[in-house]
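Breakdown of the fold
Here are the chains, one letter per residue:
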There are 2 protein chains.
Amino acid sequence: MNTTFMKHATTPSSHQPTVRLKSTFWKHYQELIAQEVLPYQWAVMSDETGVSMADDPGGNNEFGREKSHVLANLRIAAGLETGEHYGFPFQDTDLYKWIEAAAYIMRQREEPQLRRLVDSAIDLIAKAQCSDGYLDSFIQITAPTRRFARLRESHELYTMGHFIEAAVACHESTGYDKALNVAIRMADCIDRAFGPEDGKIHGSDGHPEIELALSRLYEVTGEQRYIDLARYLLDVRGQDPDFYDRQDKADGSKPFIPGMSQFPKSYYQAAEPIREQKHADGHAVRVGYLCTGLANVARLTGDAELADVARRLWDDIIRKRMYITGNVGSTRVGESFTYDYDLPNETMYGESCASVSMAFFARSMMNLQPAGLYGDIVEKELFNGALAGMSLDGKHFFYVNPLEADPQASAIDGNPDRHHVLCQRADWFGCACCPSNIARLIASVEDYIYTTKLSHNGDILTIYSSQFIANSASFEDGIAVDQRSDFPWNGHIEYSISVPAAATSVDFAIRIPQWSQSEASAVVSVDGSVIDATPGIDGFVHVSVASGATVHIECDVDMRVKLMEASTRVRHDIGKVAVMRGPIVFCAEEADNQGPLWLHRISVDSWAKMLETNKVDEHYDEDLLDGVEVISMPDQMRTLSSTEDDLYQPVSNDTDSETSFADSRLTLIPYYSWANRGRGRMQVWFDSNR
Amino acid sequence: MNTTFMKHATTPSSHQPTVRLKSTFWKHYQELIAQEVLPYQWAVMSDETGVSMADDPGGNNEFGREKSHVLANLRIAAGLETGEHYGFPFQDTDLYKWIEAAAYIMRQREEPQLRRLVDSAIDLIAKAQCSDGYLDSFIQITAPTRRFARLRESHELYTMGHFIEAAVACHESTGYDKALNVAIRMADCIDRAFGPEDGKIHGSDGHPEIELALSRLYEVTGEQRYIDLARYLLDVRGQDPDFYDRQDKADGSKPFIPGMSQFPKSYYQAAEPIREQKHADGHAVRVGYLCTGLANVARLTGDAELADVARRLWDDIIRKRMYITGNVGSTRVGESFTYDYDLPNETMYGESCASVSMAFFARSMMNLQPAGLYGDIVEKELFNGALAGMSLDGKHFFYVNPLEADPQASAIDGNPDRHHVLCQRADWFGCACCPSNIARLIASVEDYIYTTKLSHNGDILTIYSSQFIANSASFEDGIAVDQRSDFPWNGHIEYSISVPAAATSVDFAIRIPQWSQSEASAVVSVDGSVIDATPGIDGFVHVSVASGATVHIECDVDMRVKLMEASTRVRHDIGKVAVMRGPIVFCAEEADNQGPLWLHRISVDSWAKMLETNKVDEHYDEDLLDGVEVISMPDQMRTLSSTEDDLYQPVSNDTDSETSFADSRLTLIPYYSWANRGRGRMQVWFDSNR
Ligand SMILES: [Zn+2]
Ligand SMILES: [Zn+2]
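The rules behind the values
- Residues numbered from 1 in each chain as written.
- Chains lettered and ligands numbered in written order.
- Predicted model: local features only at pLDDT ≥ 70, side-chain atom pairs only at ≥ 80, totals over all residues.
- Heavy atoms only, no water.
- Least-squares fit on C-alpha atoms with pLDDT ≥ 70 in both.
- Contact = heavy atoms within 4.5 Å.
- Axes fitted to C-alpha atoms, helices over the stretch in contact; angles between N-to-C directions.
- Helix = DSSP H or I, 4+ residues; strand = E, 2+ residues; numbered from the N terminus.
- Left-handed = near helix turned anticlockwise from the far one by under 90°.
- Nonpolar A, V, L, I, M, F, W, Y, C, P; charged D, E, K, R; others polar.
- Donors = N, O, S within 2.8 Å, 3.2 Å for Na, K, Ca; no water.
- Tetrahedral: all angles 85-135°; square planar, octahedral: opposite > 155°, others 65-115°.
- Buried < 20%, exposed > 50% of the residue type's maximum accessible area, 1.4 Å probe, protein only.
- Phe/Tyr/Trp six-rings, centres within 6.5 Å; stacked < 30°, edge-to-face > 60°.
- Lys NZ or Arg CZ within 6 Å of the ring centre and 35° of its normal.
- 1 Å grid on protein atoms, 1.4 Å probe; cavity = no way out; pocket = protein on both sides within 12 Å on 5 of 7 lines; lining within 4 Å.
- Points joined across faces, edges and corners; volume = space filled by probe spheres on them.
- Buried area = accessible area lost by both parts, 1.4 Å probe.
- Salt bridge = Lys/Arg side-chain N within 4 Å of Asp/Glu carboxyl O.
- Polar contact = N/O pair within 3.5 Å; in protein donor to acceptor, adjacent residues only side chain to side chain.
- pLDDT = per-residue confidence, 0-100.
- Domains from an automatic or database assignment.
- Pairing = 2+ DSSP bridges.

1. Let's talk about the relation of the copies chain A and chain B
Rotating chain A by 180° and moving it 0.0 Å along the rotation axis overlays it on chain B with an RMSD of 0.0 Å. The superposition of one copy onto the other is thereby described by a two-fold rotation axis. Using C-alpha coordinates, one finds that chain A approaches the rotation axis most closely at N689 of chain A, a distance of 3.1 Å. By residue overlap, the copies meet face to face through one surface: 100% of the interface positions of chain A are interface positions in chain B.

2. Description of the packing of helix α14 (residues 352–368) of chain A against helix α17 (residues 433–442) of chain A
Residue and element names in this part refer to chain A. Taken N-terminus to C-terminus, the directions of α14 and α17 make an angle of 30°; their axes are 8 Å apart at the nearest point. Between α14 and α17 the crossing geometry is left-handed. Across the interface between the two elements, S352, C353, V356, A359 and F360 from α14 touch C433, C434, N437, I438, R440 and L441 from α17. Tallied by class, the residues present in the contact of α14 with α17 amount to eight nonpolar, two polar and one charged.

3. Overview of the coordination of the zinc ion (ligand 1)
Residue and element names in this part refer to chain A. Surrounding the zinc ion (ligand 1) are the protein donor atoms E351 (OE), C353 (SG), C433 (SG) and C434 (SG), at 2.0 to 2.3 Å. Geometry at the zinc ion (ligand 1) is tetrahedral, judged from the four donor atoms that bind it and their angles of 95 to 118° at the metal. Donor residues for the zinc ion (ligand 1), ordered by position in the chain, follow E-x1-C-x79-C-C. Exposure class is identical for C433 and C434. Each is buried.

4. Regarding the packing of aromatic side chains
Overall, the coordinates contain 71 aromatic pairs over all chains when judged by the stated rule. Relative to F361 of chain B, the ring of W314 of chain B has its centre 5.2 Å away and its plane inclined at 75°; by these criteria the two rings are edge-to-face. Of this pair, W314 of chain B sits in helix α13 (residues 304–320) while F361 of chain B sits in helix α14 (residues 352–368), and the two are 47 residues apart along the sequence. By relative accessible area, F361 of chain B is classed as buried at 0%. Pairing F397 of chain B with W428 of chain B gives two aromatic rings, centres 6.2 Å apart and planes at 85°, and the pair type is edge-to-face. Placement of F397 of chain B in the loop between α15 (372–385) and β3 (404–405) and of W428 of chain B in strand β4 (residues 428–429) is noted, with a sequence separation of 31 residues between them. Grouping residues by exposure puts F397 of chain B and W428 of chain B together as buried. A connected cluster of aromatic rings, assembled from ring pairs, spans F25, W26, Y29, F383, F468, F487, W489, W515, Y620 and Y672 of chain A. Across from the ring centre of Y86 of chain B, 4.7 Å away, lies the NZ or CZ of K67 of chain B, which sits over that ring.

5. With respect to unusual backbone geometry
All names here are of chain A. Of note, the bond from F487 into P488 is cis; its omega dihedral lies within 30 degrees of zero at 10°. If you trace the backbone, P488 turns up in the loop between β8 (480–485) and β9 (492–498). We note that Q269 has phi near 55°; this positive angle belongs to a residue other than glycine. You can see Q269 is positioned in the loop between α11 (243–251) and α12 (284–301).

6. What about the coordination of the zinc ion (ligand 2)?
For a metal with four donors in a tetrahedral arrangement, the ideal angle between donors is 109.5 degrees, while six donors in an octahedron ideally sit at 90 or 180 degrees. Residue and element names in this part refer to chain B. Only E351 (OE), C353 (SG), C433 (SG) and C434 (SG) from the protein coordinate the zinc ion (ligand 2), and they sit 2.0 to 2.3 Å from it. Classification of the site at the zinc ion (ligand 2) as tetrahedral follows from its four donor atoms and the range of 94 to 119° in their angles at the metal. Along the chain, the residues that donate to the zinc ion (ligand 2) are spaced as E-x1-C-x79-C-C. Residue E351 is found in the loop between α13 and α14, and its partner C434 is found in helix α17 (residues 433–442); the two are separated by 83 residues along the sequence. Per residue, the accessibility class of E351 equals that of C434, and both read buried.

7. A word on empty space enclosed by the protein
Tallying each qualifying case throughout the model produces eight cavities of 30 Å³ or more. Volume-wise, the largest cavity comes out at about 560 Å³. Lining the largest cavity are 39 residues; nearest its centre among them are H572 and K576 of chain A together with E346, H572 and K576 of chain B. Within the residue set of the lining of the largest cavity, elements represented by two or more residues are β24 (686–688) of chain A together with β24 (686–688) of chain B. Approximately 130 Å³ is the volume found for the second largest cavity.

8. Observations concerning the interface of chain A and chain B
Between chain A and chain B, the residue contacts involve 81 residues of the former and 81 residues of the latter. Of the roughly 6,700 Å² buried between chain A and chain B on both sides combined, carbon and sulfur atoms contribute 49%. Contact with chain B buries surface across chain A, with R571, Y648 and R690 of chain A losing the most and accounting together for 13% of the total. Scanning the region where chain A abuts chain B turns up four salt bridges. We note a salt bridge from E346 of chain B to R571 of chain A, for which the minimum N-O separation is 3.9 Å. Counting across the interface, chain A meets chain B through 34 residue pairs in polar contact (both at pLDDT 80 or more).

9. Some remarks on the confidence of the model for chain A
Residues and elements named next belong to chain A. Per-chain confidence: chain A averages 94 in pLDDT, with 97% of residues scoring 70 or above. When the criterion is pLDDT under 50, residues 1–14 qualifies, and its contacts beyond four places in sequence or with other chains add up to 37 contacts. Scored by ipTM, the complex comes to 0.95, with pTM at 0.95.

10. So, the domain arrangement of chain A
All names here are of chain A. Here chain A is partitioned into domain 1 (22–250 + 274–447), domain 2 (449–556) and domain 3 (561–688). The C-alpha-based centres of domain 2 and domain 3 are spaced at 37 Å. Listed per partner, the contact involves four residues of domain 2 and eleven residues of domain 3. Summing the contributions of domain 2 and of domain 3, the shared interface buries around 680 Å²; its carbon and sulfur component is 65%. Contact with domain 3 buries surface across domain 2, with P488, W489 and W515 losing the most and accounting together for 89% of the total. Inspection of the region where domain 2 meets domain 3 yields zero salt bridges.

11. What about the sheet that holds strand β12 (residues 529–531) of chain A?
Residues and elements named next belong to chain A. The antiparallel open sheet is built from seven strands, whose spatial order is β1-β7-β8-β9-β14-β11-β12. Pairing within the sheet leaves two strands with one partner each, and these edge strands are β1 (18–21) and β12. Averaged over all neighbouring strand pairs, the angle between strand axes comes to 20°, with direction disregarded. Pairing of β9 with strand β14 (residues 550–556), which is carried by seven bridges, proceeds in the antiparallel orientation. Across the sheet, residue E494 finds its bridge partner in β14, namely E554.

In structure tokens:
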């Protein structure tokens, strides 16, 4: 087995710099991952800590919810223990994503204890792996003769793909390649089983992920078979509409996940060939992973048609199917997208994993063709949709992320259509895909900051700075970028860019966030001189830094509190406003506010005046919720009807419509920080007088 | 078997007059029932016409949806045919409710052909009945040894109870008692099997209905055992929390309705003893039937505690859990109530049967203790919630009645949380409880008009006139009431009351509808002199008519178009208004209006002025929807965002908030008449500027 890998074999444009994180916000979160999240998750996965698991939000409670059993499953598969497999067929992936997160953390920090755990886990995984490279503890323990026999629901490629991702992260992070060798053996196993050749399987996993994993493995190994296989697995989807049904019939035995075959083909991303697909339909996480693989394969193979498909699906999601917080998935049924502009706030799904997958997709699109809007979505997920999935203590998680929550509705004697919406994060889940997914995203935020691109003639290196995350970064040839800020609380960002005389000159591109483009654009100065900060068509302001020069850039983005409205095509947000400041969506919680939250109405017409007269109070409260910006604004509050009042009554003909309102205030906190003070109502969208 | 029955044995206060319907509106509907609905339903039940059935809105598609097979099931049970039972365990009840409706129709009309069908059906039913009185074609055909073995789901008492109701209707209508003899044998069979005595079953049917049926049978037979049994079956509910589970275990065999045991005990009205029950929880139709039985038994036994329970549950529903249209049931899951003030408009259930059951409950409450508010709810159901369940052609039916509908959401590729909401009435349903339920309600509207009560000393007969439904009615002792109006389109009602010299004097009580009490009360004149029309605490205006007198009363109720608002405890209606005129709730349909309906906003503040200046146009259009009042009013319409616009954007700081609105009009039709012109969006609640 060849273990000398061509680094970045095909992709000079996506060189990753070495980034040392300096952002207070993200260093705090990575510290939390290292000190709390990863140890806690390890304890859960090794069944060393008792956990109380929530009902499966997807409605699948067929698998046990008493313990995780992830490590035990692998020990059983490795022959180190005897016993039954426990949990979902893809239970192994909880550990794989944990390893990936740990690998990222070890790039920033010495963590000897963590390294020992990772080592032991990889050793165990290597032991559990079959001699031909196959590894899936569920199949090995419960159905060894049924390999690849029910791909609709087996998650085998998904499971191995997650290990491949983890192995690539280990390779890039720790430098040792024990994991990568296991991953290569897995990929080779899959490559022998799947492909266009006769005798191979002409179908793919019901849950996409392997495509993105193989593209990453190709990037570190340069092995052409892997990218060819990735492209094949993308293209084979939806080509043979009866593939899964035929497999189930041929298998004949009982399903691995009962009820999975009831979903429409769009759920499995198998309703049509991907090159013909026009809408992001079906299971949202599957869409996100599929699209990430799609964009990677398009870039790595130069397949322009696939790139167009990626852009089309991107547009469909971003322009028509995403919540303001970056959450996606409008229904619990199939954890799925629904239709354009259908974005209910209470019955929605918004799985944490789906937000993580959207960050992946955005990064892959950025690598495919740099544009600021991809950075906008990464930022949206990092500060809102994805981050909301984890509690401030790092030990509780949301699977579902609603934009409006009410403990009474979610209660067992509430409204069953909202039972999947928790109002307090759970210790763990039977299907625990989300906790380690959030961990690996936060642990790798530094990978989302910069993208590089070398000009055709090789004499200009464009460095795209997509995120305002303070850091110091070393690029090739000694090019160094130092980024300083107190973002997201403060919008003043400084950059120092040093380009050695021997290096190529640099085109330094700063993303002007979409939220800082309307009304007041950002202010950018280079070495003290203000420049035109209107972003180019790519969404970036470009600053040239000659070889041998050091340039100091200051950038001030628009951090005013903004009232946001949705397209009037979104029925559920009609007449409503949400509050944003910078990239952060704010919400109101019962803990800070009077009465049922829905009684509050924001006066849009007096907003400008309220801002001018400083009636909108915003300040950083370091003692609240680990330190958050708090917004407090005047609003109006409807009178709460008495329970003695008629349920319906004629509207008073009193022409002074204000009589039923009282002056009030609305206090808002960042959406990501909600539900850290017990159960209570929460709301993102508020009625307005518009 | 005793077939000489004591008429109205115990209830002089609920004497029913002979009522000849004259209302144009209701005569038209009864004509439709006689000419279209009943023949159509007979053709469906005898499998003489092909029907396309909708997915089961309750999600239970385990039973076939190719045909009805009701009559065939009974022929098989009777030994006249061989074959399998087809359909739900309670399939027989479709026919029973049809017979009941036919019996009512035959009170108003000579229908020889209908009478022949009813005769043949009763003959068949008598043949299918077991020698001991038991009758349930499903059990007899598929599980004859499992009688009363799984009462949670078997619906056996429910099924026989529906026949008992039909038989009472036949007895009161046609005078012949063939059906009543069958019913008595059923009741005796149930009485032998259930009761407090050792060796009898100490439990009740998972679906209440038998209680109300037995109370009705008691009223026509005077047989004490029936009312005792009804009270026992009410009181035994929820006493033994493990009753159903123990039955299932003892039965051991497979369930009759798979999945039924997953519901909480509240679904079956078995969570707690009824005397302790505080909230209307669980399956809405079960609640309605249970409460009807409860109110009847309370009245017939003088059980004051049961009467209090009935009033408590009534209040809970009417004051906290009912839609403005009278629909009840806030969720598809378990076809159930949810919690106080939880009234979502899109994902709701609002089963037609639940509205019918609320009309029953209201009538029973009226009989228990007359009050105008019971007439309010009967009227609400008759003109809105219940009536909406049937198309104008009498051959299509809604199971679910939403207050907001969108074909895109309901489509197979729409939002699964709204898939149960049809936007066009279906030919029929696998579970076809609703079509014949609507038929029996409409066929018996004349039973909802008057309630009588004799004073303690017997010298004053109070006649409560609860509904403005034109008719001529003959009461005991030759007392005659003639009621004339063009209600619900016109609010002028005239009464002529003649009391023979030999009759008791009459206290004639006219219900002043709740919708005519605020702002402008009704105007009532007696023999040309205006009297004080402020209703008494009972909601009625009382006019004395002495023995030997004839009195002419004119009454004008408030038919102005009204904007209605909900209690601010109803989150889903915050800031919204609905439009009513008289008892009728109006809605907007896509067919009459521009753009997505949600873009329309009603200006509450200018409403009084709009009314004064005649800008609200209302007129009766005899060519539209079989003749309806149409309301057209100025409103404002938001601009529909372009699909090119950002999904979210800052609210413009433009202080003129009206710039994003255009003057528009909103055209409204009665809610009951929606979805008779193809699929399209429909909305009852509109955004307002309040
Ligand atoms: Zn997840
Ligand atoms: Zn029904």
